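Observations on the three-dimensional arrangement
Listed below, chain by chain, are the residues.
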Amino acid sequence: MLTDVLTGWTAETLGGLTLLAVAAAWGWLRRRRTQTVPGAVPVIAADGTVRSARIYTLLGARAADGQPVHLPSSRPAGTRVTWSGPAGKVEQFELTDAVLPDGTYAAERVAAYLEPDTR
């Protein structure tokens, strides 16, 4: 009778400890994987400090080959940047803190200007 109790208790304890170890390992791996900032690249500034540059996707803009345009920048959110498109159009985008599904940050179109003909 005592052997049955000890055997059952040992099996339950080992099973519980195994589940606890698996859950702890899974949590540790998940936390370790998500510590990095999505779309961030280290950049060395002129004064030697290391800053994080984000990769922004210019929403609504396409490169000459039809792919989305990605812009690396270490500027803070709220900054407006100018981009010249392949069709001779100059567009302004505002950098945001919104993270897109691909891990890059969104840059929203603010204004588009057509280049005057230089004929």
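**Digging into the overall build of the chain**
Broken down by element type, the chain carries 1 helix and 6 strands. Mapped from its N terminus to its C terminus, the chain presents α and β elements in the order α-β-β-β-β-β-β. In the chain, the proportion of contacts linking residues at least 24 apart, taken out of those at least 6 apart, comes to 28%. Accessible area for the chain stands at about 8900 Å²; split by element, carbon and sulfur atoms hold 60% of it.

**So, a nonpolar patch on the surface**
There is a patch of nonpolar side chains on the surface, built from Leu-14, Leu-17 and Leu-20 and spanning about 310 Å² of accessible area. Structurally, Leu-20 is set in helix H1 (residues 2-33).

**Concerning the pattern of salt bridges**
The final tally for this structure, using the stated rule, is 3 salt bridges. The salt bridge partner of Glu-91 is Arg-109, with a shortest N-O separation of 2.7 Å. Separated by 18 residues along the polypeptide, Glu-91 in strand E5 (residues 89-99) and Arg-109 in strand E6 (residues 105-114) bring together distant segments of the chain. Take Glu-91: its relative accessible area is 3%, and that puts it in the buried class.

**Observations concerning the packing of aromatic side chains**
One pass over the structure, following the stated rule, counts 1 aromatic pair. Note on Tyr-56 and Tyr-105: the rings are 5.9 Å apart at their centroids and 50° apart in plane angle, and the pair reads as tilted. Pair noted here: Tyr-56 is in strand E2 (residues 50-62) and Tyr-105 is in strand E6, with a separation of 49 residues, a long-range link. Accessibility classification places Tyr-56 together with Tyr-105 in one group, the buried group. Between Arg-54 and the ring centre of Tyr-105, over which it is positioned, the NZ or CZ distance is 4.1 Å.

**Comments concerning the environment of Ser-73**
Note that Ser-73 resides in strand E3 (residues 68-73). Along the sequence, Ser-73 and Leu-95 sit 22 residues apart, while their C-alpha atoms lie 9.0 Å from each other. Once residues lying within four places of it in the same chain are set aside, the contact partners of Ser-73 are Ala-53, Arg-54, Tyr-56 and Leu-95. There is a polar contact of 3.1 Å between the side chain of Ser-73 and the backbone nitrogen of Arg-75.

**Re the pairing of E5**
Here strand E4 (residues 80-84) pairs with E5 via 5 bridges, running antiparallel. From the neighbouring strand, Val-81 faces E5, where its bridge partner is Phe-93. In this antiparallel pair of consecutive strands, E4 and E5, the connection spans 4 residues, and Gly-88 shows a positive phi of 80°.

How each quantity is defined
Residues numbered from 1 in each chain as written. Predicted model: local features only at pLDDT ≥ 70, side-chain atom pairs only at ≥ 80, totals over all residues. Heavy atoms only, no water. Helix = DSSP H or I, 4+ residues; strand = E, 2+ residues; numbered from the N terminus. Contact = heavy atoms within 4.5 Å. Areas by Shrake-Rupley, 256 points an atom, 1.4 Å probe, with all protein chains shown as cover. Patch = residues over 30% accessible without salt bridge, like charges linked within 9 Å, V, L, I, M, F, W, Y side chains within 5 Å. Salt bridge = Lys/Arg side-chain N within 4 Å of Asp/Glu carboxyl O. Buried < 20%, exposed > 50% of the residue type's maximum accessible area, 1.4 Å probe, protein only. Phe/Tyr/Trp six-rings, centres within 6.5 Å; stacked < 30°, edge-to-face > 60°. Lys NZ or Arg CZ within 6 Å of the ring centre and 35° of its normal. Polar contact = N/O pair within 3.5 Å; in protein donor to acceptor, adjacent residues only side chain to side chain. Pairing = 2+ DSSP bridges.

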